[in-house]
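# Results of the structural survey
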Amino acid sequence: SGDTLAVLEPTRAPGKAYSAIVKSIGRPEFVFGFGTVDVIFALPVPVMHDVADSFASATKKLKVDVMIGGTEPVQPIIDFECDGSGGGLLFRLDGENLLRLSGEVNAGDRFRIDLQTGRVELDGSYIGPRIVYTDTDLDVMLRPGPHTIETSRTGNITVRWKNQWA
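How each quantity is defined
Residues numbered from 1 in each chain as written. Predicted model: local features only at pLDDT ≥ 70, side-chain atom pairs only at ≥ 80, totals over all residues. Heavy atoms only, no water. Helix = DSSP H or I, 4+ residues; strand = E, 2+ residues; numbered from the N terminus. Rg over C-alpha atoms; globule rule 2.2 N^0.38 Å. Buried < 20%, exposed > 50% of the residue type's maximum accessible area, 1.4 Å probe, protein only. Contact = heavy atoms within 4.5 Å. Areas by Shrake-Rupley, 256 points an atom, 1.4 Å probe, with all protein chains shown as cover. Patch = residues over 30% accessible without salt bridge, like charges linked within 9 Å, V, L, I, M, F, W, Y side chains within 5 Å. Salt bridge = Lys/Arg side-chain N within 4 Å of Asp/Glu carboxyl O. Lys, Arg positive; Asp, Glu negative; His and termini not counted. Charge placed at Lys NZ, Arg CZ, Asp CG, Glu CD. 1 Å grid on protein atoms, 1.4 Å probe; cavity = no way out; pocket = protein on both sides within 12 Å on 5 of 7 lines; lining within 4 Å. Points joined across faces, edges and corners; volume = space filled by probe spheres on them. Nonpolar A, V, L, I, M, F, W, Y, C, P; charged D, E, K, R; others polar.

### Describing the overall build of the protein chain
Each helix and strand counted, the protein chain has 0 helices and 15 strands in total. Whereas a compact globule of 166 residues would reach a radius of gyration of roughly 15 Å, the protein chain reaches 20 Å, over 25% beyond that. Dimensions along the principal axes, computed over C-alpha positions, put the protein chain at roughly 70 × 30 × 25 Å. For the protein chain, with 166 residues in total, the buried portion stands at 36%. In the protein chain, the proportion of contacts linking residues at least 24 apart, taken out of those at least 6 apart, comes to 66%. Summed over its atoms, the accessible surface of the protein chain is roughly 9,800 Å², and 54% of this surface lies on carbon and sulfur atoms.

Here you go:
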(Lines give C-alpha, C1' and ligand atoms only; values in the text may rest on other atoms or scores of the structure.)
Protein backbone atom coordinates (compact mmCIF):
# COMPACT_ATOMS: atom_id res chain seq x y z
CA SER A 1 0.00 0.00 0.00
CA GLY A 2 1.07 3.58 -0.56
CA ASP A 3 0.93 6.77 1.41
CA THR A 4 0.88 9.36 -1.38
CA LEU A 5 -2.16 10.64 -3.27
CA ALA A 6 -2.11 10.22 -7.04
CA VAL A 7 -4.43 11.11 -9.91
CA LEU A 8 -6.69 8.22 -10.96
CA GLU A 9 -8.46 8.98 -14.25
CA PRO A 10 -11.37 6.61 -14.98
CA THR A 11 -11.91 5.66 -18.63
CA ARG A 12 -15.60 6.59 -18.35
CA ALA A 13 -14.76 10.25 -17.67
CA PRO A 14 -11.82 11.50 -19.78
CA GLY A 15 -10.28 14.69 -18.41
CA LYS A 16 -11.64 14.09 -14.92
CA ALA A 17 -9.99 12.23 -12.06
CA TYR A 18 -10.12 11.21 -8.42
CA SER A 19 -7.37 11.75 -5.87
CA ALA A 20 -6.58 8.16 -4.91
CA ILE A 21 -4.15 6.17 -2.84
CA VAL A 22 -3.16 2.53 -3.39
CA LYS A 23 -4.94 0.36 -0.82
CA SER A 24 -3.57 -3.02 -1.91
CA ILE A 25 -1.74 -4.80 -4.72
CA GLY A 26 -2.61 -8.43 -5.46
CA ARG A 27 -0.23 -11.21 -6.36
CA PRO A 28 0.70 -11.28 -10.04
CA GLU A 29 -0.74 -14.06 -12.18
CA PHE A 30 1.06 -15.18 -15.33
CA VAL A 31 -0.53 -16.90 -18.34
CA PHE A 32 1.52 -17.61 -21.48
CA GLY A 33 4.17 -15.08 -20.44
CA PHE A 34 1.71 -12.26 -19.74
CA GLY A 35 1.11 -11.00 -16.23
CA THR A 36 -1.88 -9.40 -14.57
CA VAL A 37 -2.20 -7.85 -11.16
CA ASP A 38 -5.18 -6.41 -9.26
CA VAL A 39 -4.62 -2.96 -7.77
CA ILE A 40 -7.24 -1.63 -5.33
CA PHE A 41 -7.42 2.14 -4.79
CA ALA A 42 -8.97 4.03 -1.87
CA LEU A 43 -10.60 7.42 -2.44
CA PRO A 44 -10.11 9.59 0.68
CA VAL A 45 -12.48 12.16 -0.85
CA PRO A 46 -15.05 10.60 -3.21
CA VAL A 47 -15.23 13.70 -5.40
CA MET A 48 -14.13 13.74 -9.04
CA HIS A 49 -12.13 16.76 -10.25
CA ASP A 50 -10.77 18.12 -13.51
CA VAL A 51 -7.32 16.81 -14.41
CA ALA A 52 -6.30 20.28 -15.68
CA ASP A 53 -6.55 23.49 -13.67
CA SER A 54 -9.18 26.07 -14.50
CA PHE A 55 -8.08 29.66 -14.13
CA ALA A 56 -9.13 33.28 -14.46
CA SER A 57 -6.73 36.20 -14.62
CA ALA A 58 -6.61 39.96 -14.98
CA THR A 59 -3.64 42.23 -15.70
CA LYS A 60 -3.17 45.60 -14.00
CA LYS A 61 -6.69 45.45 -12.55
CA LEU A 62 -8.44 45.73 -9.19
CA LYS A 63 -10.62 42.66 -9.73
CA VAL A 64 -11.06 39.37 -11.56
CA ASP A 65 -14.29 37.55 -12.36
CA VAL A 66 -14.31 33.80 -11.80
CA MET A 67 -16.82 31.16 -13.02
CA ILE A 68 -16.67 27.96 -10.98
CA GLY A 69 -18.02 24.87 -12.78
CA GLY A 70 -18.89 21.39 -11.59
CA THR A 71 -21.34 20.58 -8.79
CA GLU A 72 -19.13 20.97 -5.70
CA PRO A 73 -17.49 23.99 -4.01
CA VAL A 74 -13.76 24.61 -4.48
CA GLN A 75 -10.97 26.37 -2.57
CA PRO A 76 -8.77 28.06 -5.16
CA ILE A 77 -5.28 29.50 -5.04
CA ILE A 78 -5.05 33.26 -5.63
CA ASP A 79 -1.79 34.72 -6.93
CA PHE A 80 -1.35 38.50 -6.95
CA GLU A 81 1.56 40.65 -8.11
CA CYS A 82 1.23 44.22 -6.88
CA ASP A 83 1.75 47.20 -9.23
CA GLY A 84 2.18 49.97 -6.68
CA SER A 85 3.49 50.62 -3.19
CA GLY A 86 1.81 51.73 0.02
CA GLY A 87 0.43 50.56 3.32
CA GLY A 88 -1.76 47.50 3.68
CA LEU A 89 -3.61 45.30 1.21
CA LEU A 90 -7.21 44.06 1.17
CA PHE A 91 -8.73 41.18 -0.79
CA ARG A 92 -12.51 40.84 -1.07
CA LEU A 93 -14.60 37.91 -2.32
CA ASP A 94 -18.08 38.76 -3.60
CA GLY A 95 -18.06 42.01 -1.61
CA GLU A 96 -16.97 40.43 1.70
CA ASN A 97 -13.52 40.77 3.25
CA LEU A 98 -11.37 37.74 2.49
CA LEU A 99 -7.93 38.90 3.67
CA ARG A 100 -6.48 42.10 5.13
CA LEU A 101 -2.70 42.49 5.40
CA SER A 102 -0.87 45.12 7.42
CA GLY A 103 2.51 46.65 6.68
CA GLU A 104 4.09 48.03 3.54
CA VAL A 105 3.31 46.60 0.13
CA ASN A 106 5.81 47.23 -2.66
CA ALA A 107 5.55 47.12 -6.43
CA GLY A 108 6.53 43.64 -7.60
CA ASP A 109 5.53 41.90 -4.34
CA ARG A 110 4.03 38.49 -5.14
CA PHE A 111 1.32 37.21 -2.82
CA ARG A 112 -0.21 33.73 -2.77
CA ILE A 113 -3.40 32.89 -0.90
CA ASP A 114 -4.15 29.17 -0.71
CA LEU A 115 -7.76 28.83 0.43
CA GLN A 116 -7.45 25.06 0.89
CA THR A 117 -4.65 25.33 3.46
CA GLY A 118 -5.26 28.90 4.66
CA ARG A 119 -1.61 29.73 4.00
CA VAL A 120 -0.69 33.26 2.87
CA GLU A 121 2.75 33.90 1.37
CA LEU A 122 4.76 36.89 0.16
CA ASP A 123 7.46 35.97 -2.35
CA GLY A 124 7.29 32.32 -1.17
CA SER A 125 7.53 32.99 2.59
CA TYR A 126 4.71 32.62 5.11
CA ILE A 127 3.44 36.00 6.36
CA GLY A 128 0.97 35.01 9.09
CA PRO A 129 2.01 37.87 11.43
CA ARG A 130 0.90 40.43 8.80
CA ILE A 131 -2.66 39.03 8.62
CA VAL A 132 -5.27 41.18 10.35
CA TYR A 133 -7.33 38.26 11.66
CA THR A 134 -10.23 40.41 12.91
CA ASP A 135 -10.85 41.44 9.28
CA THR A 136 -10.00 38.14 7.52
CA ASP A 137 -12.01 35.02 6.65
CA LEU A 138 -9.93 32.44 4.76
CA ASP A 139 -12.30 29.59 5.64
CA VAL A 140 -14.41 29.92 2.50
CA MET A 141 -15.41 27.69 -0.39
CA LEU A 142 -16.54 29.00 -3.76
CA ARG A 143 -19.74 27.32 -4.88
CA PRO A 144 -20.32 26.68 -8.58
CA GLY A 145 -21.28 29.90 -10.33
CA PRO A 146 -19.91 33.45 -10.76
CA HIS A 147 -17.63 35.13 -8.20
CA THR A 148 -15.60 38.34 -8.05
CA ILE A 149 -12.25 38.73 -6.29
CA GLU A 150 -11.16 42.32 -5.70
CA THR A 151 -8.00 43.90 -4.32
CA SER A 152 -7.33 47.35 -2.89
CA ARG A 153 -4.34 47.81 -5.23
CA THR A 154 -3.93 47.25 -8.94
CA GLY A 155 -1.90 44.30 -10.06
CA ASN A 156 -1.89 40.99 -11.88
CA ILE A 157 -4.38 38.52 -10.41
CA THR A 158 -4.61 34.81 -11.24
CA VAL A 159 -7.05 32.41 -9.63
CA ARG A 160 -6.54 28.62 -10.12
CA TRP A 161 -8.79 25.73 -9.15
CA LYS A 162 -10.07 22.33 -10.27
CA ASN A 163 -13.81 22.01 -10.88
CA GLN A 164 -15.29 19.15 -8.84
CA TRP A 165 -18.23 16.74 -9.15
CA ALA A 166 -19.82 14.53 -6.49
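From this point, the narrative continues.
### Section: a negative patch on the surface
Taken together, the side chains of Asp65, Asp94, Glu96, Asp137, Asp139 and Glu150 define an acidic patch exposed on the protein surface. Following the sequence through the fold, Glu96 ends up in strand β10 (residues 96-105).

### Describing the layout of surface pockets
Roughly 570 Å³ of volume is contained in the largest pocket. Taken together, 20 residues make up the lining of the largest pocket; nearest its centre are His49, Gln75, Gln116, Lys162 and Gln164. Taken together, the residues that form the lining of the largest pocket break down as 10 nonpolar, 5 polar and 5 charged.

### Thoughts on the pattern of salt bridges
Applying the stated criterion across every chain, the model contains 8 salt bridges. Among the salt bridges present, the one from Lys60 reaches Asp83, with a minimum N-O distance of 3.8 Å. With a gap of 23 residues between them, Lys60 in strand β7 (residues 54-68) and Asp83 in the loop between β8 (77-82) and β9 (86-93) connect regions that are remote in the sequence. When the shortest N-O distance is used, the salt bridge between Asp79 and Arg112 registers 2.6 Å. With Asp79 in strand β8 and Arg112 in strand β11 (residues 110-114), this residue pair connects regions lying 33 residues apart in the sequence. Taking relative accessible area as the criterion, Asp79 reaches 18% and is therefore assigned buried.

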